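As a plain string of letters, each chain reads:
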Amino acid sequence: MCGIVGYAGNRDALAIIIGGLESLEYRGYDSAGVSVYEGGKVDTTRATGKLIELKKALEGRKRSGIASLGIGHTRWATHGRPTETNAHPHTAGRVSLIHNGIIENYLPLRAMLEAKGCTFLSETDTEVAAHLLNTLLAEGFEPLEAMRKMCAQVKGSYAFLAIDSKHPDRVLVAKNSTPIIIGKGDGENLIASDIPAVLQHTRRVIVLEDGDLAQVTADAVYIENQGKEVRRKEETIAWDPITAQKGGFKHFMLKEIYDQSRVIGDTLRGRISEHDASVKLPELETLRDKASSIKRIVMVACGTAWHACLEGKFFLEEFAGIPCEVDYASEFRYRSGLIDKDTLVIAVSQSGETLDTLGALEAASGKGMTLAICNVVGASICRKAEMVVYTHAGPEISVASTKAFTTQLVALQLLALFLAEARGTMSVAARRHVLHAMVELPAALSQTLKVDGEVSSVAKRFFQARDFLFLGRGRCYPIALEGALKLKEISYIHAEGYPAGEMKHGPIALIDESMPVVMVLQREKPLFEKTLSNLKEVEARGARVLVVTDATEEDLRGVHAEGLIRVPFVAHELSPILLNVPLQMLAYHVAVLNGTDVDLPRNLAKSVTVE
Ligand code: AGP
């Protein structure tokens, strides 16, 4: 996600902030900006593109001394395109403000502020916070009090940094569900979204907690929570800068696996209401009116995103009652596909730049309705589609897709529930049941991460195998395919995913004592019993079996497997999301044990922009 750096001290704030933002470049971003207090006033400069563009814009600016205070931001677009006007800092009267996170109630807040006479220049959710803070300061509140009152009105996730030009000795900070740290120096203090941004200057770090407000000057850090001063522990960071970028994890892939609980929350935030069992996707309002005329859905994607589509087919058919086909984008683009005006074509892509997926979307444009599910705001696929639902996975750096896949599944569930509501194909009680389970999903995923130690031990037993078979039925079949893809992608071991019931029609010939079989086993009946029979067939041929399941210990009596990994159960519809996590971990640990380049596997690229 976006990067944040703030500074209060006696050295040049501008140089320190730009340096800090450079150390956060690995997170990905599409525009950048800074506000610094220099020569008696606050100056703001913003630019689209990389930091080099911001530096060029700053070169043209006449400096009047050394800036002693400032805030800087690299923006990964969520609300509004990656333009200069949407870049942070946002200014309103006395206030310059930057933000990471999502303000859920920005539309009513914006309407309220516009009614008071505020003029908005951007499409962002963030600008409301700048206006709100400025309005409160203009009403006479002291800076920290104004910040407190502003946060009380904002719903959602945030890390805010703000400067008030009438109090240019301090940076105001607020945190809720979005990380922010303070780096303590001698006669200077820094604030940042991530540790790497401060490591060049200090290793003494305070990690703020949810609900914290802070006022940071060159000599002091004041922190409060719920109106009372609090003391947060100061830690000394021993990480080298590269480890710090990976959040202390050995590889980006592992960090991204561990990010999944948070990014599910980000993708759901502001989009579901359990109260009226509804899904809020304002970006799809035009589709609501046409929902009952949709006769067919065609989904197009590549690789992992294609697996997300196979899983999405279950939700869309089950919830919304619409027949759904899934096609490889590279195949679909060169045949007619019989698309007409009652067909909804959904393109799924993390990067939004995959050439085959873009080509498939182009082939459908003008014939049917088009919708993209994408992780990168303003990407080519988003510009081509009529409608877009964004996943909020944040930048995914490792070539092997993990958290993007998980958020694609969440977005497809939201879409299916939205269509079900619009078409009247699901009762309120049934929708509420799934929505309730979705609310519990981030916590269930955190719980699932605890199997990492067990998976790592299993990997030690299996890592020398040359072939793997991944089997699953129903909703677990796409997960078996994804598990096999992940393993081959980063460990270069041959792996095949197969529907467990299909195994006896061919792949069973491959099975012997040297072949590990990974069985993805969902407790849902009747496929649970059917998959258990397939497990027996595999066992009978001497295969080494690893079972990944959400079934209870009692359900599993009589199952003899070399490895057994159990994940928590939330709801049958959501189990695939959790069952996938141990497979991601298995691929990761096997690759590490084989000494491959986990984050940059051979022959692969993060974004495939060639045919
Ligand atoms: C997944 O681990 C892969 N690296 C790859 O299959 C990827 O999912 C595919 O290239 C599609 O990319 P996209 O989601 O950016 O369109």
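Residues numbered from 1 in each chain as written. Predicted model: local features only at pLDDT ≥ 70, side-chain atom pairs only at ≥ 80, totals over all residues. Heavy atoms only, no water.

A. Spotlight on helix 4 (residues 127-138). Compared with an ideal rise of 1.5 Å per residue, which puts 12 residues at 16 Å, helix 4 spans 17 Å between its outermost C-alpha atoms and is within 8% of the ideal. Most of helix 4 sits inside the fold, with 11 of its 12 residues counted as buried. By the burial criterion, the buried members of helix 4 are Glu127, Val128, Ala129, Ala130, His131, Leu132, Leu133, Asn134, Thr135, Leu136 and Leu137. Taken together, the buried residues of helix 4 touch strand 5 (90-92), strand 6 (95-103), helix 3 (106-115), helix 5 (143-153) and strand 7 (156-164). (Helix = DSSP H or I, 4+ residues; strand = E, 2+ residues; numbered from the N terminus. Expected span 1.5 Å × (residues − 1). Buried < 20%, exposed > 50% of the residue type's maximum accessible area, 1.4 Å probe, protein only. Contact = heavy atoms within 4.5 Å.)

B. Main features of the domain arrangement of the chain. Taken as a whole, the chain is organised into domain 1 (3-243), domain 2 (252-438) and domain 3 (449-593). The C-alpha-based centres of domain 1 and domain 3 are spaced at 46 Å. (Domains from an automatic or database assignment.)

C. Structural detail: the layout of surface pockets. Each pocket or cavity is described by its volume, and for the largest pocket that value is around 910 Å³. Sorting the residues of the lining of the largest pocket by element identifies strand 4 (69-75), strand 6, helix 6 (241-245), helix 7 (252-258) and helix 8 (260-268) as the ones contributing at least two each. Looking at the lining of the largest pocket, its residues break down into 20 nonpolar, 16 polar and 13 charged. When residues of the lining of the largest pocket are assigned to domains, at least three fall in each of domain 1 (3-243) and domain 2 (252-438). Volume-wise, the second largest pocket comes out at about 690 Å³. If you trace the second largest pocket, you find 24 residues lining it, with Thr78, His79, Tyr106, Pro282 and Glu283 closest to the centre. (1 Å grid on protein atoms, 1.4 Å probe; cavity = no way out; pocket = protein on both sides within 12 Å on 5 of 7 lines; lining within 4 Å. Points joined across faces, edges and corners; volume = space filled by probe spheres on them. Nonpolar A, V, L, I, M, F, W, Y, C, P; charged D, E, K, R; others polar.)

D. Seen up close, the packing of aromatic side chains. In this structure the tally under the stated criterion is 6 aromatic pairs. Taken together, a centroid distance of 6.3 Å and an interplanar angle of 20 degrees make the contact between Phe315 and Phe319 stacked. On the criterion of helical spacing, the pair formed by Phe315 and Phe319 is a turn pair, its members being 4 residues apart in helix 10 (residues 303-320). Assessed through its relative accessible area of 3%, Phe319 is described here as buried. Geometry around Tyr29 places Lys50 over its ring, the cationic atom sitting 4.2 Å from the centre. The ring of Tyr492 carries the charged tip of Arg602 above its face, separated from the ring centre by 3.8 Å. (Phe/Tyr/Trp six-rings, centres within 6.5 Å; stacked < 30°, edge-to-face > 60°. Lys NZ or Arg CZ within 6 Å of the ring centre and 35° of its normal.)

E. The sheet that holds strand 23 (residues 467-472), seen in detail. Across the sheet, 5 strands lie side by side as 24-23-25-26-27; this open sheet has parallel pairing. If you trace the sheet from one side to the other, it starts and ends with strand 24 (494-499) and strand 27 (563-566), each paired once. Each adjacent strand pair in this sheet contributes to an overall mean axis angle of 15 degrees, direction not counted. Pairing of strand 23 with strand 24, which is carried by 6 bridges, proceeds in the parallel orientation. (Pairing = 2+ DSSP bridges. Axes fitted to C-alpha atoms, helices over the stretch in contact; angles between N-to-C directions.)

F. Examining the environment of Pro516 more closely. Residue placement: Pro516 occurs in strand 25 (residues 516-521). Judged by its relative accessible area of 1%, Pro516 falls in the buried class. Considering only alpha carbons, one finds Pro516 and Phe468, 48 residues apart in sequence, at a separation of 5.2 Å. The residues touching Pro516, leaving out its near neighbours within four places in the chain, are Phe462, Ala465, Asp467, Phe468, Leu469 and Arg544.

G. Representation of the pattern of salt bridges. Applying the stated rule across the entire model yields 42 salt bridges. Residue Lys486 pairs with Glu482 through a salt bridge whose shortest N-O separation is 2.8 Å. Linking Lys486 with Glu482, this pair stays in helix 17 (residues 476-491), spanning 4 residues, or about one helical turn. An identical accessibility class is assigned to Lys486 and Glu482; each is buried. For Glu539, the salt bridge identified is with Lys536, shortest N-O distance 3.7 Å. Here Glu539 pairs with Lys536, and both are found in helix 18 (residues 527-540), just 3 residues apart, close to one helical turn. Relative accessible area serves as the criterion here: at 24%, Glu539 is assigned to the partly exposed category. Via salt bridges that share partners, Glu104, Lys255, Asp259, Arg262, Asp266, Arg269 and Lys403 belong to a single interconnected network. (Salt bridge = Lys/Arg side-chain N within 4 Å of Asp/Glu carboxyl O.)

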